[in-house]
Amino acid sequence: MVLNKFSLKNKNILITGAAGSLGLEHSIALLNVGAKVIMTDIDLLKLNKNKVELLKKNKKFQLLCFKMDVSSESSVKKVLKNLKKKKFKIDVLINNACLNPKFDNKFKNNNTALEKFSLKNWEREIKVGLTGAFICSKIFGNYMKKNKTGGVIINIASEYSVVTPDHRIYSKNNFKPITYPVIKTGLIGLTKYLATYWIDKGIRCNAFSPGGVKENQNREFLTKVKKLIPMKRMANKNEYHSVIQFLCSDASSYLNGQNILMDGGRSIW
Ligand SMILES: NC(=O)c1ccc[n+]([C@@H]2O[C@H](COP(=O)([O-])OP(=O)(O)OC[C@H]3O[C@@H](n4cnc5c(N)ncnc54)[C@H](O)[C@@H]3O)[C@@H](O)[C@H]2O)c1
C-alpha cells in the first residue's frame with residue numbers, strides 16, 4: 001500500500017489567531033486536505049463568523065472553535081481541559097497569533113517610531129507574539145507527548161525573522177514596530193529549542209516565514225515594497241496553503257528545527 005504522506009486525515013491541528021487573515025487561510029488549507037482543525041482566537045465573534053463561512057463552503061469540514069488568549073496560561077489550559085474532555089488529541093500546534101498592524105488606509109498608529117514606542121506596547125506585543133507561542137508550546141507540547149505518533153509544532157514567523165524591516169517603505173512615523181522583528185527572530189530560537197527538546201517523543205518543530213501578503217495596503221506602501229521583491233509583488237493569501245500542508249504532514253517527517261522562508265526572493269538581495 002502506498003501511503004499518502006501529504007494526507008492530513010486523522011490529524012487534529014490546533015491553530016492560534018485563527019480569526020485573522022492568514023490564520024483563516026491556514027485553516028482552509030488544512031480543512032481542504034481532511035484535517036480536523038481546532039480554530040482558536042481571542043476574538044470569538046470573528047472566529048464564529050469564519051466558522052459559518054467555512055461550513056457554507058463545505059459542510060463536511062471538521063472544525064471546532066474556542067476562545068483562547070495565547071498570553072494567558074489559564075485561558076490556554078481551559079481549552080486543553082475542554083479537548084481532554086472530548087478525548088481529542090492534538091497532532092499539530094500552529095503558533096500563529098501575533099499583533100500584526102496592517103499598512104492600509106485605516107492605519108493611524110503613529111506611536112510606532114522607536115523614540116515614541118512605549119514600554120507598555122513593547123510588553124503587550126511580546127506577550128502575544130513570543131510569550132504566547134511559549135505558553136502554547138509548553139502546554140500543548142506536553143499534551144502531545146502522550147501521542148504514540150509524535151507531533152509537530154509550527155511557529156509562524158515572518159521574512160522579518162531573517163531581514164529587518166526596511167524603514168524606507170513605511171510612511172513617516174508609521175514604522176513597523178521594533179517588537180515585530182524581535183518577536184519573529186525570537187521565534188526562531190524557540191523553534192530550535194523545541195526541535196530538540198521533545199524529539200525523543202517524536203515531536204518536531206519548524207518555523208514558517210511568509211513574506212507580506214497583498215491586502216488593502218495603501219498605494220504608496222505597495223509601490224515601495226514591490227521594489228524590494230524580485231518577483232515584484234506581494235504574496236496572494238492562498239499561496240501559503242501548500243507549505244502549511246507540507247509542514248503539518250508526514251511529507252516533512254525529516255524536517256526539524258528549520259525556518260522555511262517564502263518571500264518571493266526578497267531576502268536574497
Ligand atoms: N499577513 C502578512 O502579510 C504576514 C506576513 C508574514 C507573517 N505573518 C504572520 O502571520 C501571522 C498571522 O498574521 P495575520 O496577517 O493573519 O494577522 P491578523 O492580525 O490578521 O490576525 C491575528 C489574529 O491574532 C488574534 N490575536 C491577537 N491577540 C491574541 C491573543 N492574545 N490570543 C489569541 N489570539 C490573538 C487576533 O484576534 C487576530 O485574529 C502572524 O504571526 C503574522 O506575524 C503575516
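These numbers were taken from a predicted model, which means no experiment stands behind them.

Turning to the site of the ligand, a few remarks are in order. Taken together, 28 residues form the shell around the ligand, and within it L22, D41, N96, Y180 and V213 come nearest. One of the side-chain nitrogen or oxygen atoms of K184 is found 2.9 Å away from an oxygen atom of the ligand. Out of a free accessible area of 830 Å², the ligand has 90% covered by protein chains. Where the shell around the ligand is concerned, the elements lending two or more residues are α1 (21-32) and α5 (179-197). If you tally residues by element for the shell around the ligand, the top one is α1, at three residues. Along the lines of polarity and charge, the residues of the shell around the ligand split into 14 nonpolar, nine polar and five charged.

We now examine a nonpolar patch on the surface. The grouping of L114, L119, W122, I178 and V182 at the surface amounts to a nonpolar patch, some 450 Å² of accessible area in total. In this structure L119 comes out as exposed when scored by relative accessible area, which is 58%.

Judged by nonpolar contacts, the single largest core of 34 residues is most densely connected at L14, M68, L83, I90, F140 and I153. Ranked by the residues each element gives to this core, the list is headed by helix α4 (residues 119-144), at nine residues. Among the nonpolar cores identified, the runner-up in size contains 31 residues, and V92, I94, I156 and A235 belong to it.

Calculation notes
- Within every chain, residues take consecutive numbers counted from 1 along the sequence as written.
- Only residues with pLDDT of 70 or above have their local features reported here, since the model is predicted, and side-chain atom pairs are shown and tallied only from 80 upward, although totals for entire chains, interfaces and linings are computed over all residues.
- With hydrogens and water stripped out, all remaining heavy atoms of the structure feed into the side-chain values.
- We call a residue near a molecule or strand when any one of its heavy atoms sits within 4 Å of it.
- Under this definition, polar contacts are N or O atom pairs within 3.5 Å; protein pairs additionally need one hydrogen-donor-capable and one acceptor-capable atom, and for neighbouring residues in sequence, both atoms have to be side-chain atoms.
- The method behind every accessible area is Shrake-Rupley, applied with a 1.4 Å probe, and residues are considered shielded solely by the protein chains displayed.
- The helix count covers DSSP runs of H or I at least four residues long, the strand count covers runs of E at least two residues long, and both are numbered beginning at the N terminus.
- Here the term charged refers only to Asp, Glu, Lys and Arg, the term nonpolar to Ala, Val, Leu, Ile, Met, Phe, Trp, Tyr, Cys and Pro, and the term polar to all other amino acids, Gly among them.
- For patches, a residue must show more than 30% relative accessible area and have no salt bridge; joins then use 9 Å for like charges and 5 Å for nonpolar side chains, namely Val, Leu, Ile, Met, Phe, Trp and Tyr.
- Here, a salt bridge means any Lys or Arg side-chain nitrogen found within 4 Å of an Asp or Glu carboxyl oxygen.
- Exposed residues in this analysis have more than 50% of their type's maximum accessible area, buried residues have under 20%, and partly exposed residues fall in between, with area computed by a 1.4 Å probe over protein chains only.
- To define a nonpolar core, start from buried Ala, Val, Leu, Ile, Met, Phe, Trp, Tyr and Cys residues and group those joined through side-chain atoms within 4.5 Å.

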